[in-house]
Amino acid sequence: MLAEQFVPDGPHLYLYSGAGRDWVKLMNWQHTTMYLFFGISGVVDVLTFVSQAVPRGLDRLMLSVAVFVEGFLFYYHVLHRPTLDQHIHSLLLITIFAGAASTLLEVFLRDNIVLEMFRAGITIVQGTWFWQIGVVLFQPWGGPMWDEENHENIMFLTMCFFWHWAAAVAVLAINYTLTCWCLQRFRRCSGEPYISLGVRQQKGDPNSQATFLSGSDEE
């Protein structure tokens, strides 16, 4: 937040200036607002970890609010821009609002591995698509600029967006497979009870899941 405000050409905490009261660097102010909510989410995360007085699920709720604020700011960030610019950012909004919705579900469905993996995948797509936006709009390696009114460019970028999604699924699948393999290897080497992703089972005990759930309720 401080960087957005105090860079050499930043607003330096001035929201408007001059006799006409013109807005000062609203782009920086939008970024500052977005960082503010993610900062609040981070503080709630820490409080959730260090204190049991914080209501269960508040960390996920504040993260959902922060992601929603990000999406809402981005929606009006690109209003009235060229067609290609609007389209490529609208694809980004899909990942942002989907992430906000899935994180909100985690408030009520805690420790749900499917929702957590979906949120992780959405976050990966959002990050790689930011990179894609930079390549399309600013051409960091040179070359001709994209024709922002060419419909075929819009068709290609829509397809490319789902390639990013496929790549995120592949990354999650590899991570999940490696995690399961490591856990199974740990079980074989140590003889300890198998620790799965979500349920701890005793070797050879078919009733261990019910026992584990009953124990959790008692705790």
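For the structure given in this document, a descriptive report is provided here. All values reported here derive from a predicted model rather than from experimental measurement.

The next subject is the overall build of the protein. Across its full length, the protein carries seven helices and four strands. In the protein, the succession of α and β elements from N to C terminus is α-β-β-α-α-α-α-α-β-β-α. Considering only residue pairs separated by 6 or more positions, the protein has 53% of its internal contacts joining residues 24 or more positions apart. Of the roughly 14200 Å² that the protein leaves accessible, carbon and sulfur atoms contribute 65%.

Of all hydrophobic cores here, the largest spans 22 residues; its most connected members are Phe74, Ile88, Leu92, Ile96, Trp129, Ile133 and Val136. In terms of residue count, helix H4 (residues 83-108) provides more of this core than any other element does, seven residues in total. If we ignore the near neighbours within four places in the chain, the residues touching Val136 are Leu84, Ile88, Met145, Trp146 and Leu157.

This paragraph deals with the packing of H4 against helix H6 (residues 151-190). With their axes 10 Å apart at the nearest point, H4 and H6 run at an angle of 20° to one another. It follows that H4 is roughly parallel to H6 by the angle criterion. The two elements H4 and H6 meet at a crossing, and its hand is right-handed. Contacts between H4 and H6 pair Thr83, Leu84, His87, Ile88, Leu91, Ile94 and Thr95 from the former with Asn153, Ile154, Leu157, Thr158, Phe161 and Trp165 from the latter. Here the residues of the contact of H4 with H6 are counted per class, giving eight nonpolar, five polar and no charged.

For the rest of this paragraph, the subject is a nonpolar patch on the surface. A cluster of nonpolar side chains, contributed by Val43, Val46, Leu47, Phe49 and Val50, occupies part of the molecular surface with about 540 Å² of accessible area. With respect to the helices and strands, Phe49 occurs in helix H2 (residues 26-50). Overall, the relative accessible area of 74% leaves Phe49 in the exposed class.

Once that is clear, we can look at the pattern of salt bridges. The tally for this structure, following the rule as stated, stands at six salt bridges. Where Glu106 meets Arg119, a salt bridge forms, and the shortest distance between an N and an O atom there is 2.6 Å. Taken together, the positions of Glu106 in helix H4 and Arg119 in helix H5 (residues 113-138) put the pair 13 residues apart, joining distant regions of the chain. A cluster of three or more residues bridged by salt bridges with shared partners is formed by Asp59, Arg60, Glu106, Arg110 and Arg119.

In this section: the side chain of Glu70. Positionally, Glu70 belongs in helix H3 (residues 58-77). In this structure Glu70 touches Met34, Phe38, Ile96, Gln126 and Phe130, once residues within four positions along its chain are discounted.

Take the packing of H2 against H3 next. Across the interface, H2 lies against H3 with an axial gap of 8 Å and an inter-helix angle of 170°. Classified by the interaxial angle, the pair formed by H2 and H3 is roughly antiparallel. Here Met27, Gln30, Thr33, Met34, Phe37, Phe38, Ile40, Ser41, Val44, Asp45 and Thr48 of H2 come into contact with H3, specifically with Leu58, Asp59, Met62, Leu63, Val65, Ala66, Val67, Val69, Glu70, Leu73, Phe74 and His77. Of the residues in the contact of H2 with H3, the class split is 15 nonpolar, five polar and three charged.

Turning our attention to H6. Spanning 40 residues, H6 covers 59 Å between terminal C-alpha atoms, matching the ideal 58 Å at 1.5 Å per step. For H6, the full list of buried residues reads Asn153, Ile154, Leu157, Cys160, Phe161, His164, Ala168, Leu172 and Cys180. Contact partners of the buried residues in H6: H4 and H5. Between a side-chain oxygen at the N-terminus of H6 and the backbone nitrogen of Glu152 the separation is 2.9 Å; the capping residue is Asn150.

Positive phi, close to 45°, is recorded for Lys25, a residue that is not glycine. Relative to the helices and strands, Lys25 resides in the loop between strand S2 (22-23) and H2. Non-glycine residue Gln139 carries a positive phi angle of around 45°. Among the secondary structure elements, Gln139 is positioned in the loop between H5 and H6.

So, how was this worked out
Residues numbered from 1 in each chain as written. Predicted model: local features only at pLDDT ≥ 70, side-chain atom pairs only at ≥ 80, totals over all residues. Heavy atoms only, no water. Helix = DSSP H or I, 4+ residues; strand = E, 2+ residues; numbered from the N terminus. Contact = heavy atoms within 4.5 Å. Areas by Shrake-Rupley, 256 points an atom, 1.4 Å probe, with all protein chains shown as cover. Core = buried A, V, L, I, M, F, W, Y, C linked by side-chain atoms within 4.5 Å. Buried < 20%, exposed > 50% of the residue type's maximum accessible area, 1.4 Å probe, protein only. Axes fitted to C-alpha atoms, helices over the stretch in contact; angles between N-to-C directions. Parallel < 35°, antiparallel > 145°, perpendicular 65-115°, else oblique. Left-handed = near helix turned anticlockwise from the far one by under 90°. Nonpolar A, V, L, I, M, F, W, Y, C, P; charged D, E, K, R; others polar. Patch = residues over 30% accessible without salt bridge, like charges linked within 9 Å, V, L, I, M, F, W, Y side chains within 5 Å. Salt bridge = Lys/Arg side-chain N within 4 Å of Asp/Glu carboxyl O. Expected span 1.5 Å × (residues − 1). Polar contact = N/O pair within 3.5 Å; in protein donor to acceptor, adjacent residues only side chain to side chain.

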